[in-house]
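Architecture at a glance
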Amino acid sequence: VELSVTPYAHPIVPLLLDLSSAREAMPDVPLPHIEHYPGGEVRARWHIKKGIEIFKHYFGMTPQGCWPSEGGVSTAAVKLLGESGFRWVASGGSVMHNSLARAKAASAAPPDINETPEPVSGVHHPWRLAALSPKNKVSCFFRDDGLSDLIGFTYSDWHADDAVANLIHHLENIAAAVPESGSVVSIILDGENAWEYYPENGYYFLSALYRRLAEHPGIELTTFSACLDDEVPLRQMPDLVAGSWVYGTFSTWIG
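Residues numbered from 1 in each chain as written. Predicted model: local features only at pLDDT ≥ 70, side-chain atom pairs only at ≥ 80, totals over all residues. Heavy atoms only, no water.

A few words now on the environment of I151. Relative to the elements of secondary structure, I151 occurs in helix α5 (residues 145–154). The spacing of I151 and V184 is 33 residues in sequence and 18 Å in space, taken between C-alpha atoms. Excluding its chain neighbours within four sequence positions, the residues that come into contact with I151 are L167, I187, L189, W195, Y198 and F205. (Helix = DSSP H or I, 4+ residues; strand = E, 2+ residues; numbered from the N terminus. Contact = heavy atoms within 4.5 Å.)

Next up, the structure:
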């Protein structure tokens, strides 16, 4: 188990730092008339600092990882979180796909209209932003949206053993498709909303799931900090297309 923290009162940090970051994933989004959130950076720094202080008060240790509010990230936000001492930040898979697609488009030759586009992959690896300074050690993990949403929204209607078997099958397929060592499958839930829909608050599903995972010869349960301690290889990403775990955009909060 590893505990992570979120900025104190759940601010969407990238929007506090730069309202126009919403246009990175939604170029045509209508924005407020003001160009900057009043005192945005000062507020963002306060919420991050306050969240860490309260975590340390109750748990007696410094958190190493941050799930930003709603998984909301941007290059500037990740930079600030790294400067605040975090080793890792996590967000949604759509943010990663948008970011890699932009990087690929920026470096690619003009497309051949007869060529089938290659799929953008990489969600099963941790990443480091090339835009960060060498002193900023924060790494980025991205949610496997498909597997996470199966747990969050689908498996509650299934028999626990069938749901667990299905999830294990998906993980085995990922392991076969991404054979190199250092692959990480990040399952991240909107957790407060899932278990009330499961029989007995998910008791049967979770018991069967952890038993099967612990016994499995090819799957290792771990935490993000443990991955970094084990020096899991980090892939390089130029920068992020700002967004959240919800659709990969900030459409729920602005526009």
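Past the structure itself, the notes keep going.
This part is about the packing of aromatic side chains. Two measures describe an aromatic ring pair: the distance that separates the ring centres and the angle between the ring planes. Per the stated rule, a full pass over the model turns up 10 aromatic pairs. Judged by centre distance (4.8 Å) and plane angle (75°), the rings of W88 and F224 are edge-to-face. Taken together, the residues W88 in strand β2 (residues 88–91) and F224 in helix α8 (residues 224–229) connect sequence positions 136 residues apart. On the accessibility criterion, W88 (6% relative accessible area) is buried. Seen in terms of ring centroids, Y203 and Y204 are 5.3 Å apart; in terms of plane orientation they differ by 80°. Their pairing is edge-to-face. Taking relative accessible area as the criterion, Y203 reaches 53% and is therefore assigned exposed. Taken together, the ring pairs connect Y155, W158, W195, Y198 and F205 into an aromatic cluster. (Phe/Tyr/Trp six-rings, centres within 6.5 Å; stacked < 30°, edge-to-face > 60°. Buried < 20%, exposed > 50% of the residue type's maximum accessible area, 1.4 Å probe, protein only.)

What follows deals with the pairing of β2. Note on strand geometry: in a regular strand, side chains alternate between the two faces of the sheet. Going residue by residue along β2, you find W88 and A90 tucked away on one face and V89 and S91 tucked away on the opposite face as well. Alignment of strand β1 (residues 65–66) against β2, held across two bridges, turns out to be parallel. Of the residues in β2, the one forming a bridge with C66 is V89. With helix α3 (residues 75–83) bridging β1 and its parallel neighbour β2, the resulting β-α-β unit is right-handed. Pairing of β2 with strand β4 (residues 139–142) involves four bridges; the strand directions are parallel. Across the sheet, residue S91 finds its bridge partner in β4, namely F142. (Pairing = 2+ DSSP bridges. Right-handed = clockwise from strand over helix to strand, strands pointing away.)

Ranked by internal contacts, the top residues of the largest apolar core, which has 27 residues, are V78, F142, M237 and L240. Residues contacting M237, with those up to four places away along its chain left out, are M96, S99, L100, W127, R128, L129, A130 and F142. Listed in part, the 17 residues of the second largest apolar core include A163, I168, L171 and Y198. (Core = buried A, V, L, I, M, F, W, Y, C linked by side-chain atoms within 4.5 Å.)

Below, the discussion takes up the side chain of S148. Structurally, S148 is set in helix α5. Sequence-distant contacts of S148, defined by excluding residues within four places in its chain, comprise R143, S186, I187, I188 and L189.

In this model helix α4 (residues 93–107) runs 21 Å from its N-terminal to its C-terminal C-alpha over 15 residues, within 8% of the 21 Å that 1.5 Å per residue would give. Of all the positions in α4, only G93, V95, M96, S99 and L100 are classed as buried. Down the axis, α4 shows its buried residues gathered within 160° of arc, on one side only. On the buried face of α4, the contacting elements are β2, β3 (127–129), β4, α5 and β5 (235–237). (Expected span 1.5 Å × (residues − 1). Arc of directions from axis to C-beta.)

Relative to each other, helix α6 (residues 160–177) and helix α7 (residues 203–215) sit at 40°, their axes nearing to 9 Å. In terms of their interaxial angle, α6 and α7 are classed as oblique. Crossing handedness for the pair α6 and α7: right-handed. Residues A160, D161, A163, V164, A165, L167, I168 and L171 of α6 touch α7, and the partners they reach there are Y204, F205, A208, L209, R212 and L213. Among the residues forming the contact of α6 with α7, the class breakdown is 12 nonpolar, no polar and two charged. (Axes fitted to C-alpha atoms, helices over the stretch in contact; angles between N-to-C directions. Parallel < 35°, antiparallel > 145°, perpendicular 65-115°, else oblique. Left-handed = near helix turned anticlockwise from the far one by under 90°. Nonpolar A, V, L, I, M, F, W, Y, C, P; charged D, E, K, R; others polar.)

Applying the stated criterion across every chain yields a total of nine salt bridges. The residue R143 makes a salt bridge to D145 at a minimum N-O spacing of 2.8 Å. (Salt bridge = Lys/Arg side-chain N within 4 Å of Asp/Glu carboxyl O.)

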